[in-house]
Amino acid sequence: MIIGKGLIANLFIEVDSDEVVFFASGVSNSSETRKEEGCLQYDLIEDKDNKGTFFLIELWESVDHHNRHNGQDHLLDFRKDASKMMESSVEVYKGFKIY
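Student: What should I look at first to understand the nonpolar core in this one?
Tutor: Across soluble globular proteins, you tend to see nonpolar side chains buried next to one another. Listed in full, the 8 residues of the largest apolar core are Leu 11, Ile 13, Phe 22, Phe 54, Phe 78, Ala 82, Met 85 and Met 86. Those residues in contact with Phe 22, other than ones at most four positions away along the chain, are Leu 11, Ile 13, Leu 44, Phe 54, Phe 78, Ala 82 and Met 85. Of all hydrophobic cores here, the second largest spans 7 residues; its members include Leu 7, Ala 9, Tyr 42 and Leu 56.

Here it is in structure tokens:
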């Protein structure tokens, strides 16, 4: 049984970049995203062993909910802010929660 659409994005931020801007934008995006219809989970996690490595973990009720999220201003702002600090491309893993 499929419960919802899941996604994990690995973000690699330059270690010497302005972390305050990244954190502020990431927290703002996460707070606004959690208010969206269909959002079951949306967490921004920093890797404890690798400074500048973050995981964005998302779980949505449906693909449609996730697709609507992709056009939200707060997400577009976060992507713009984060792109200025990226060390490499984002790695994205998509799937469906089954349990």
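Student: How should helix H1 (residues 19-34) be read in this particular structure?
Tutor: What sets the pattern is the α-helix's 3.6 residues per turn: residues three or four places apart point alike. Along its 16 residues, H1 runs 22 Å from first to last C-alpha, staying within 8% of the 22 Å computed at 1.5 Å per residue. Buried within H1 we find Phe 22, Ser 25, Gly 26, Asn 29, Ser 30 and Thr 33. End-on view of H1: buried residues confined to an arc of 130°, all on one side of the axis. Of the exposed residues in H1, those oriented more than 90 degrees away from the buried face are Val 20 and Val 27. On the buried face of H1, the contacting elements are strand S1 (4-12), strand S2 (39-46), strand S3 (53-60), helix H2 (63-69) and helix H3 (73-83).

Student: Just to check I follow, could you spell out the side chain of Thr 33 for this structure?
Tutor: Topologically, Thr 33 is positioned in helix H1. The class of Thr 33 is buried, set by a relative accessible area of 0%.

Student: What exactly am I supposed to notice about the side chain of Asn 10 here?
Tutor: Along the chain, Asn 10 turns up in strand S1. By relative accessible area, Asn 10 is classed as buried at 10%. With residues up to four places along the chain from it excluded, the contact list for Asn 10 reads Phe 54, Phe 55, Ser 89, Val 90, Glu 91 and Tyr 93.

Student: Please explain the sheet that holds S3 as it appears in this structure.
Tutor: Across a sheet, strands are paired by hydrogen bonds formed along the backbone, either parallel or antiparallel in direction. Taken together, the 4 strands give an open sheet; going across it, the order is S2-S3-S1-S4, and neighbouring strands pair in antiparallel fashion. Of all strands in the sheet, those with a lone pairing partner are S2 and strand S4 (91-97), marking the two edges. Each strand of the sheet is rotated relative to its neighbour by a mean of 10°, with strand direction disregarded. Strand direction decides the pairing type here: S1 and S4, joined by 7 bridges, are antiparallel. Of the residues in S4, the one forming a bridge with Gly 6 is Gly 95. The sheet contacts of H1 involve S1, S2 and S3, and relative to S2 the element is tilted by about 165°.

Student: Could you clarify how one ought to interpret the packing of aromatic side chains in this entry?
Tutor: By the definition in use, this model includes 4 aromatic pairs. Judged by centre distance (5.7 Å) and plane angle (45°), the rings of Phe 22 and Phe 78 are tilted. Here Phe 22 is found in helix H1, whereas its partner Phe 78 is found in helix H3, with 56 residues between them in sequence. Members of the aromatic cluster, joined through ring pairs, are Phe 22, Phe 23, Phe 54 and Phe 78.

Each value, and the rule that gives it
Residues numbered from 1 in each chain as written. Predicted model: local features only at pLDDT ≥ 70, side-chain atom pairs only at ≥ 80, totals over all residues. Heavy atoms only, no water. Core = buried A, V, L, I, M, F, W, Y, C linked by side-chain atoms within 4.5 Å. Buried < 20%, exposed > 50% of the residue type's maximum accessible area, 1.4 Å probe, protein only. Contact = heavy atoms within 4.5 Å. Helix = DSSP H or I, 4+ residues; strand = E, 2+ residues; numbered from the N terminus. Expected span 1.5 Å × (residues − 1). Arc of directions from axis to C-beta. Pairing = 2+ DSSP bridges. Axes fitted to C-alpha atoms, helices over the stretch in contact; angles between N-to-C directions. Phe/Tyr/Trp six-rings, centres within 6.5 Å; stacked < 30°, edge-to-face > 60°.

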